[in-house]
Amino acid sequence: MAEHVRVAVIGSGFGGLGAAVRLRREGITDFVVLERADSVGGTWRDNSYPGCACDVPSHLYSFSFAPNPDWPRTFSGQEHIRAYLEHVTDTFGLRPHLRLGAEVRRMTWDAQELRWDIETSAGRYSADVVVSATGPLSDPKVPEVPGLDSFPGKIFHSARWDHDHDLTGQRVAMIGTGASAIQIVPAIQPKAGRLTLFQRTPPWVMPRVDRAISGAERALHRALPLTTQLRRGLLWGIRELQVQAFTKHPNQLGLVEKLAKQNMARSIKDPDLRAKLTPDYRIGCKRILLSSTYYPALTQPNVDVVASGLSEVRGSTLIAADGTETEADVIVFGTGFHVTDMPIAERVVGADGRTLAESWKDGMEALRGAAASGFPNWMTIIGPNTGLGNSSMILMIESQLNYMADYLRQLDVLGGRAALDARPSAVHAWNRRVQDRMKRTVWNTGGCTSWYLDASGRNTTIWPGTTGEFRRATRRVDLAEYEVLRAPAANSEGEKAKKDDKDEVTA
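Everything numeric here is computed off the predicted structure, so don't read it as measured data. (Residues numbered from 1 in each chain as written. Predicted model: local features only at pLDDT ≥ 70, side-chain atom pairs only at ≥ 80, totals over all residues. Heavy atoms only, no water.)

Draft legend 1. Geometry of the overall build of the protein chain. Counting its regular elements, the protein chain contains 15 helices and 20 strands. The C-alpha atoms of the protein chain give 25 Å as radius of gyration, which agrees with the globular expectation for 507 residues (23 Å, within 12%). Across its three principal directions, the C-alpha atoms of the protein chain cover 90 × 55 × 45 Å. Looking at the protein chain as a whole, 54% of its 507 residues qualify as buried. Long-range contacts, defined as pairs at least 24 residues apart, comprise 73% of the intrachain contacts of the protein chain with a sequence gap of at least 6. In the structure as shown, the protein chain presents an accessible area of about 22000 Å², 51% of it carried by carbon and sulfur atoms. (Helix = DSSP H or I, 4+ residues; strand = E, 2+ residues; numbered from the N terminus. Rg over C-alpha atoms; globule rule 2.2 N^0.38 Å. Buried < 20%, exposed > 50% of the residue type's maximum accessible area, 1.4 Å probe, protein only. Contact = heavy atoms within 4.5 Å. Areas by Shrake-Rupley, 256 points an atom, 1.4 Å probe, with all protein chains shown as cover.)

Draft legend 2. View of unusual backbone geometry. For R368, which is not glycine, the phi torsion reads 55° and is therefore positive. Position of R368 among the secondary structure elements: in the loop between α10 (356–359) and β18 (378–380). A positive phi angle is found at N377, which is not glycine, with a value near 50°. For N377, the location among the structural elements is in the loop between α10 and β18.

Draft legend 3. Geometry of the sheet that holds strand β15 (residues 325–327). One open sheet holds the 3 strands; their spatial order is β13-β14-β15, and the pairing between them is antiparallel. The sheet is open, and its two edges are formed by β13 (310–314) and β15, each paired on a single side. Neighbour-to-neighbour, the strand axes of the sheet open up by a mean angle of 25°, direction not taken into account. As paired strands, strand β14 (residues 317–320) and β15 are joined by 3 bridges and run antiparallel to one another. Directly across from T317, in β15, lies its bridge partner E327. (Pairing = 2+ DSSP bridges. Axes fitted to C-alpha atoms, helices over the stretch in contact; angles between N-to-C directions.)

Draft legend 4. Looking closely at the pairing of strand β5 (residues 115–120). Taking every second residue as pointing to the same face, the buried face of β5 carries W116, I118 and T120, while none of R115, D117 and E119 on the other face is buried. Here strand β4 (residues 104–110) folds back onto β5 in antiparallel fashion, the turn holding 4 residues, of which L114 has a positive phi close to 55°. The pairing of β5 with strand β6 (residues 123–132) spans 5 bridges and is antiparallel. Directly across from W116, in β6, lies its bridge partner A127. What sits between the antiparallel neighbours β5 and β6 is a turn of 2 residues.

Draft legend 5. Region of interest: the pairing of strand β16 (residues 330–333). Residues V330 and V332 of β16 are buried on one face, and the alternating residues I331 and F333, pointing to the opposite face, are buried as well. Two strands pair when backbone bridges link them, and strand β7 (residues 154–157) and β16 are joined in this way by 4 bridges, in the parallel orientation. From the neighbouring strand, K154 faces β16, where its bridge partner is V330. Sheet topology places strand β8 (residues 171–175) next to β16; 4 bridges connect them, and they run parallel. What sits directly across from M174, in β16, is V332.

Draft legend 6. Representation of the sheet that holds β7 in the model. In spatial order, the strands read β7-β16-β8-β9-β12; together these 5 strands make up an open sheet with parallel pairing. Edge strands, defined here as strands with exactly one partner in the open sheet, are β7 and β12 (303–306). Neighbour-to-neighbour, the strand axes of this sheet turn through a mean angle of 15°, independent of strand direction.

Draft legend 7. Examining the nonpolar core more closely. Of all hydrophobic cores here, the largest spans 106 residues; its most connected members are F14, L298, L367 and Y482. Tallying contributions element by element places helix α11 (residues 393–414) first for this core, with 11 residues. Those residues in contact with L298 that sit more than four places away from it in its chain are V185, L197, L273, L277, V303 and V305. One finds A102, M107, Y125 and I344 within the second-largest nonpolar core, a separate group that totals 28 residues. (Core = buried A, V, L, I, M, F, W, Y, C linked by side-chain atoms within 4.5 Å.)

Draft legend 8. Summary view of the packing of aromatic side chains. In this structure the tally under the stated criterion is 16 aromatic pairs. Measuring from centroid to centroid gives 6.1 Å for F246 and W443, while their planes differ by 20°, and the two rings are stacked. Placement of the pair is F246 in helix α6 (residues 225–247) and W443 in helix α13 (residues 442–445), with a sequence separation of 197 residues. The exposure classification of F246 matches that of W443, with both residues buried. An aromatic cluster of three or more residues is present, and its members are F14, W44, Y61, F63, F65, W71, Y84 and F92. Note that R437 overlies the ring of W463, its terminal NZ or CZ placed 5.7 Å from the centroid. (Phe/Tyr/Trp six-rings, centres within 6.5 Å; stacked < 30°, edge-to-face > 60°. Lys NZ or Arg CZ within 6 Å of the ring centre and 35° of its normal.)

Draft legend 9. Geometry of α6. With 23 residues, α6 extends 34 Å from end C-alpha to end C-alpha; this agrees with the ideal 33 Å at 1.5 Å per step. At L241, α6 is deflected by roughly 25°, the largest bend along its length. Of all the positions in α6, only T227, T228, R231, R232, L235, R239, E240, V243, A245, F246 and T247 are classed as buried. (Expected span 1.5 Å × (residues − 1). Bend = angle between axes of the 7 residues up to and from the residue.)

Draft legend 10. Representation of the pattern of salt bridges in the model. Under the definition given, this model contains 32 salt bridges. As a salt-bridge pair, K439 and D436 come within 3.5 Å of each other at their nearest N and O atoms. Residue K439 is classed as exposed on the basis of its relative accessible area, which comes to 57%. One continuous salt-bridge network, built from bridges that share partners, spans R22, E26, D406 and R409. (Salt bridge = Lys/Arg side-chain N within 4 Å of Asp/Glu carboxyl O.)

Draft legend 11. Seen up close, helix α3 (residues 78–91). Its 14 residues give α3 an end-to-end C-alpha distance of 20 Å, which sits within 8% of 20 Å, the value for a rise of 1.5 Å per residue. Phi turns positive one or two residues past the end of α3, at G93, with a value near 65°.

Right, dumping it as C-alpha cells:
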C-alpha cells in the first residue's frame, strides 16, 4: 500500500534539503525526501573528481539559516561542502524524513483524488504536493561519438569518477573545457603519462583567489555571528553590482576581458598555445571560470591541447574534428549535464496525461521558475530561468523556498481538498517578460553557444536580473495566476454516501 504524505520532496541536494528544512520550520512534518542514492548531497555527492571545488565563495555558498563559521577555505572543496550538507541534515532533524535508494520512476497526477501517485524503486507513495529538487546538474551528458563502444580502455564522466582506476603513467584524454575540466586537468596532470585536452571552445579564465581561512578568523565568526553575516553580505553585494554588466551593458565587460587576457599571458608564453586558448566571444557569454592552476598545467611537457572536439574513436585512437589523432588509455568526459532536457521531466505525468517533457518540447517554462501549467501542486526548485552566471545559487534556492512556503499556506487558506494549477496565460506572460529581458544580456548577445541555451537556441536556464529582484518576485503566491481545483463533486457525493451508509450500519 502506498504511503501518503502531504509533501514529497524529490532529491537531497541543496534544493531538497533546503525544502525539507523550510517545511519543518513551517510546522509541516508530514513529508518525505525521496533520494535515488544512498546518501544526501546531490551534485556535491556525485562530483568527487580530483580537484573538485566550488567557484562561489564559501560564506555565500551556504544557507542563510545555517551559517558555517568554520569554512576552512575561501573557496571550499567538494568534501567540505558535502560535510556541510550532512551537518544540515543532522542539525535540522531530517534523517527520519529521508527515503534513500528510492529513485522516482514515475509521478502521475490523479485528478479525482487531487494528489500525486509516485512510483519509486523502493515502493509507492502518494502526496498532495510534490517539490521536485533534482537539480539541473544531476544527470551527466555524454556525447554520441562514433566508435566509442570500440574503445578498449576506461571511460567515465567527471560526475561518475572511477576512483579505483589509477591514472599514473596512463595516456588520458580529457574531453571538454568547462568548470569541471579546468579543475581536473591540474589535479591529474602530475601523475598522467600523457594528458590530451580536447577543446571544442576555449573558456575565459580568471585567477582563483583562494586561501586558507585562518583560525583567528574562524574563532571571530564563532564568537560574533554578525561578522559571518557581514562577510556574506559583502560577497553578495559585490555580485549584485556586477549584474548590470551581464544583463544590460555587455560592452562594459571589455575591461574584464582585458584582465583575463593578461592572466593568460602570465602563464602561457607560447604564442601558438595562447592563440588556441583565446576565446572569440565576449567574456561572460559562457560562465567565467576561476583557476590559478589551469593555464600553468597546460604548459607542462606531458600535456597537449587539441583545439577541436572529439569526432570519432577507432580502437584506442581518438580522432578530433580537425583530423588530429591521439592514442589514449582513458577517456574522461567533462561534457556537462542534461540541463535543458532534464530526464525527470519524462517521468512526470500531468493532468492531461502528457509528460512534463512533452509539455516542454518547445522549451522549458514555469511561472516564477516554479510552477508548470497542467501540473497542479507540483513545484520545482532551480526551475527554468532561475540559474545564475555570477553569484550563488543558494540565494535563488532560498527565494524559491519562500515561494513554496507561501504556496502551502495558500492551500491551507483555501481549505479542504484543493490544488493550484498555474494558468497558461500567467506562465506565458512570465516567460515572455523573462525572454524580453534576456535579449540584451551577454548570454544571448555574446557570440557563443553555451549550455544555457536549449536545442532551439533559447536561453531557458539563466535569470536575467539580480537575486534581489528574484526574491521580490517570489515573495508571495498570487492566486490570480492560478486556477483553484477542487475534488470532483461526484466523487465528494460518493464519499458522503459511503459515510452515510457506514453511519446507518453502525447505528
